[in-house]
Amino acid sequence: MTILAFLLVIGVLVTFHEFGHFLAARLCGVKVLTFSIGFGKTIYARTVGDTEWRLAWIPLGGYVRMLDEREAPVESRDRHRAFNQRPVWQRMIIVLAGPVANLLLAVLLFSITMSGEQTRLQPLVGTVAAQTAAAAAGVRAGDRIVSVNGSPVADWAEARQAMGMAIVNDRQLALGLQRAGQPLVARLDLPAFGLEKFDQATMGKLGVMPARYLPQIGAILPGGAAARAGLQPGDKLMAAAGKPVASWEAWVLWVHNHPGEQFDLTVQRAGRLLQLPLRPDSIEQDGVKVGRIGAAPALDEAWLASLQQRVQVPAGEAIPAALARTLDLCGSTLGTLAAMLTGGVSLDALSGPLTIAEYAGKSADLGVIALLEFMALISVSLGVFNLLPVPVLDGGHLLYHVAELIRGRPLPDRVYEVGQRLGMAFILTVMMLALFNDFARLLAG
């Protein structure tokens, strides 16, 4: 499912991107020689009119090759159909058409996912993890998040995005809360919890989440301390060293503070009380020894069901809402990329094909709507990334054409050659870093 979902996502996004270039080129009278989905050896090819349509082995991109005198000699009868012979404004349209196609696809997909009856999670706090920024700021389970840095949020999806962008752009985070009908503001101390920059662990370090967990074992990691002690999924935690276990959060804190120390754990299994000797493993975290047992909690399904709210969105409102969300994501994506350059976002947050494949598979497991939503998010990222002013990318070619428009003549060939080398070096560096992050996450579990 993961592989199929990944191929579907990448295939659709690449096809739309390249079709944008293809359609604009044809409308501007440029001859398109090849339309390829994928790189490398050709699996299937068919020529229709002037264009050879290809499907290749490596599904990580694609390309449209146009008639161009800078790449190969062109017969005199076709010279007027060469890309380099078209007016500069037409070449700019052809270059822009690919990223614009991705953004229009995102609007289409969002309009589908946002229309009709929707199930959204109310922004109620289910869990506040101990020793996190949210816990230190006084956020409690049951609080409703109504705003992030003064901007209203309507559901958990909006709240998570707003919290991430607040850390990236504002370097501060203030949660507007409602508790027992009373408004209050929780200001999170980001530097004290290592949240000066955004990375893969940021949302976990914040410590606030919608899910609520029962003081009950949901899953056991093979070979961990819990497995060695004989714990089983379904065991209810009753007492640790004779002290009652009030909640899963209290249990996690207890284990965290007792690395390598053996104690008796009382559990309820099939209506009977059992006493098991448990010694948490000792691991180092941020230079400090902490306890871990290798067990996951059971989800409070009743609480999660109570968070779900049904929202009916008329079809007429879905398209404007989808457009607004796409534009908002464009801004947040650009902000994230800029923050990577300034250090506000860790380069560890950069994801590659393995992470995309993993999330594509997870989205597919959740259903068609979740997969379309994920596809729209990636489509926005692909469109914005391709607009960066980096040679090799569409934004780099656009920059060349703008320079030509200002100068009144094309840039020297030497500028193109150097730019292509620098651009290729940049792309390869980004790809290697993304793959390194993917493998690091994979090895870290």
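No experiment lies behind these values; they were computed from the predicted model shown.

### Concerning the environment of A296
Position of A296 among the secondary structure elements: in strand β17 (residues 295-299). Residue A296 is classed as partly exposed on the basis of its relative accessible area of 31%. Not counting residues within four places of it along the chain, the set of residues in contact with A296 comprises Q216, I217, G218, A219 and W248.

### Here we look at the side chain of D68
Positionally, D68 belongs in the loop between β2 (51-66) and α2 (88-114). For D68, a relative accessible area of 7% puts it in the buried group. At 2.8 Å, the side chain of D68 and the side chain of R70 are in polar contact. Contacts of D68, omitting those with residues within four sequence positions, involve V74, A82, F83 and N84.

### A short note on the packing of aromatic side chains
Both the distance between ring centres and the angle between the ring planes are used here to describe each pair of aromatic rings. Counted according to the given criterion, the structure contains 8 aromatic pairs. Ring centres of F39 and Y63 lie 6.1 Å apart, and the angle between their planes is 10°; on these two criteria the pair is classed as stacked. Of the two residues, F39 is situated in strand β1 (residues 32-48) and Y63 in strand β2; the sequence distance between them amounts to 24 residues. Judged by its relative accessible area of 33%, F39 falls in the partly exposed class. Owing to a relative accessible area of 27%, Y63 belongs among the partly exposed residues under this scheme.

### Topic: the pairing of strand β13 (residues 263-269)
Where burial is concerned, most of β13 is hidden: 5 out of the 7 residues are buried. Pairing of strand β11 (residues 236-240) with β13, which is carried by 4 bridges, proceeds in the antiparallel orientation. Looking at the pairing, L237 lines up with V267 of β13. Of the strand pairs in this sheet, β13 and strand β14 (residues 272-278) are connected by 7 bridges, and their pairing is antiparallel. Looking at the pairing, R269 lines up with R272 of β14.

### Thoughts on the layout of surface pockets
Estimated volume of the second largest pocket: approximately 1700 Å³. Lining the second largest pocket are 40 residues, and of these A129, G204, K205, Q285 and R292 lie nearest its centre. Those elements that place two or more of their residues in the lining of the second largest pocket are α5 (202-206), α7 (248-256), β16 (288-292), β17, α10 (353-366) and α13 (413-444). Classifying every residue of the lining of the second largest pocket gives 21 nonpolar, 12 polar and 7 charged.

### A short note on the nonpolar core
Ranked by internal contacts, the top residues of the largest apolar core, which has 45 residues, are V9, M66, I94, F110 and V380. Those elements giving two or more residues to this core turn out to be α1 (2-27), β1, β2, α2, α9 (315-342), α10 and α11 (368-386). For this core, the element with the highest residue contribution is α2, accounting for 12 residues. Apart from the residues within four sequence positions on either side, V380 is in contact with L103, A106, F110, T326, L329, C330 and T333. Counting 32 residues, the second-largest nonpolar core is a separate cluster that includes V128, I145, M165 and F198.

### Some thoughts on the UniProt feature "transmembrane region" (unreviewed entry) in the chain
Per the UniProt record, "transmembrane region" (unreviewed entry) is annotated on residues 88-112, 366-388 and 422-444. In residues 366-388, the share of helix is 87% and the share of strand is 0%. The end C-alpha atoms are 33 Å apart.

Procedures and definitions
Residues numbered from 1 in each chain as written. Predicted model: local features only at pLDDT ≥ 70, side-chain atom pairs only at ≥ 80, totals over all residues. Heavy atoms only, no water. Helix = DSSP H or I, 4+ residues; strand = E, 2+ residues; numbered from the N terminus. Buried < 20%, exposed > 50% of the residue type's maximum accessible area, 1.4 Å probe, protein only. Contact = heavy atoms within 4.5 Å. Polar contact = N/O pair within 3.5 Å; in protein donor to acceptor, adjacent residues only side chain to side chain. Phe/Tyr/Trp six-rings, centres within 6.5 Å; stacked < 30°, edge-to-face > 60°. Pairing = 2+ DSSP bridges. 1 Å grid on protein atoms, 1.4 Å probe; cavity = no way out; pocket = protein on both sides within 12 Å on 5 of 7 lines; lining within 4 Å. Points joined across faces, edges and corners; volume = space filled by probe spheres on them. Nonpolar A, V, L, I, M, F, W, Y, C, P; charged D, E, K, R; others polar. Core = buried A, V, L, I, M, F, W, Y, C linked by side-chain atoms within 4.5 Å. UniProt positions renumbered as here; feature names shortened; annotations may be inferred.

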